[in-house]
Amino acid sequence: MKIAQVAPLIESVPPKAYGGTERVVSYLTEALVEMGHEVTLYASGDSKTGARLLPMVERSLRLDPRQPEWLAAYTVMLDRVFESARRYDIIHFHIDYLQFLLARRCPTPCVTTLHGRQDLPELEPLYRHFCEQPVVSISDSQREPLPTANWCATVHHGLPADLYRFQPEPGRYFAFLGRMSPEKRVDRAIEIAIACNTPLRIAAKVDPADRRYFENVVKPLLSHPLIDYIGEIEEGEKSDFIGGALALLFPIDWPEPFGLVMIESLACGTPVISYAGGSVPEVLEHGVTGFIVNDQQQAIAAARRVDRIDRRRCRESFDKRFTATVMAERYLQVYRIFTGS
């Protein structure tokens, strides 16, 4: 099958550090290539892939010191994609809804995976207007705010099976990995760790939009002797960081569309303690691969007994449900709906 993957340009594919969507696009692209499909990747020029790379900008927009206008770059990319549309059996977009206007006039089937939150009020009339555009959710819970969207499948994210090393023995600290943002609630993670008298290692990126939350809420908490803030880490460091933890703390305060870090943790054999938001009940098995809680009292109690979780069951859940191969096979089923092949 001839497949075009259209990635965001903010980060490279895969990203140098944090970047969930670009990582998923990379894993999907490489898995499809390994399966023998002819894949073209539209992405930034500093991307690395076994597919045919068509660079849309010289480097990822976030790392470009010139700070180019993102809309200009995306406009050129879309024109190039649709100019070559007849070369492909299907075009798979990962850039929200920017392509909808052109996609409805495209002779080649187009499908879009929505990677972010969909509970913003301006989205419902947009998806009602473009109700014929097929979209894929990354969790069933992601669909709830948009009942009028043309949902054609739910495909959970997946990771390469050998990307993270299974570590059967737990460490002696809790881990927090992700964005330093209000919805990720690292302040809750700090409270849980202190209540359990257990060290917490925090590997988190601080975006400009989250700087105030970090300075006003989080930074004053980092002086506690149990708390170790190490900043943003790269992909190669994650296996040891997560795998060496007693548990991953994921005390979110928003409708999490998927939560890639949860399956990263399961791949390492590390159980997850998470609030019950968004996709969490679809990813975790309560009492088997971690604990799903509703408040801080439950979270602290769960953290104190997390050593009862069998780490092998965590890895088994990952191997069965969340590998890149499983994800690619599910997307191929979606593609065949529209191509008939």
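This text gives an overview of the structure that appears in the document. Please read all numbers here as calculations on a predicted model, not as lab measurements.

Comments concerning the side chain of Ser137
Within the secondary structure, Ser137 is located in strand E6 (residues 134-137). Looking at Ser137, the relative accessible area reads 0%, which means it is buried. Polar side-chain contacts of Ser137 include one of 2.6 Å to the side chain of Thr154. Discounting chain neighbours no more than four positions away, the residues touching Ser137 are Gln142, Arg143, Trp151, Ala153, Thr154 and Val155.

Some thoughts on a nonpolar patch on the surface
A contiguous nonpolar patch, built from Ile10, Trp70, Leu71, Tyr97 and Leu98 and spanning about 420 Å² of accessible area, is present on the exposed surface. By the element assignment, Leu71 lies in helix H2 (residues 70-83).

Regarding the sheet that holds strand E13 (residues 290-293)
The parallel open sheet is built from six strands, whose spatial order is E10-E9-E8-E11-E12-E13. Of all the strands in the sheet, just strand E10 (227-229) and E13 have a single pairing partner and so form its edges. Shown here is a sheet whose adjacent strand axes are inclined to one another by a mean of 20°, direction ignored. One ladder, built from four bridges, connects strand E12 (residues 272-275) with E13; its direction is parallel. Residue pairing in the sheet places Ile273 in a bridge with Phe291 of E13.

Definitions and cut-offs
Residues numbered from 1 in each chain as written. Predicted model: local features only at pLDDT ≥ 70, side-chain atom pairs only at ≥ 80, totals over all residues. Heavy atoms only, no water. Helix = DSSP H or I, 4+ residues; strand = E, 2+ residues; numbered from the N terminus. Buried < 20%, exposed > 50% of the residue type's maximum accessible area, 1.4 Å probe, protein only. Polar contact = N/O pair within 3.5 Å; in protein donor to acceptor, adjacent residues only side chain to side chain. Contact = heavy atoms within 4.5 Å. Patch = residues over 30% accessible without salt bridge, like charges linked within 9 Å, V, L, I, M, F, W, Y side chains within 5 Å. Areas by Shrake-Rupley, 256 points an atom, 1.4 Å probe, with all protein chains shown as cover. Salt bridge = Lys/Arg side-chain N within 4 Å of Asp/Glu carboxyl O. Pairing = 2+ DSSP bridges. Axes fitted to C-alpha atoms, helices over the stretch in contact; angles between N-to-C directions.

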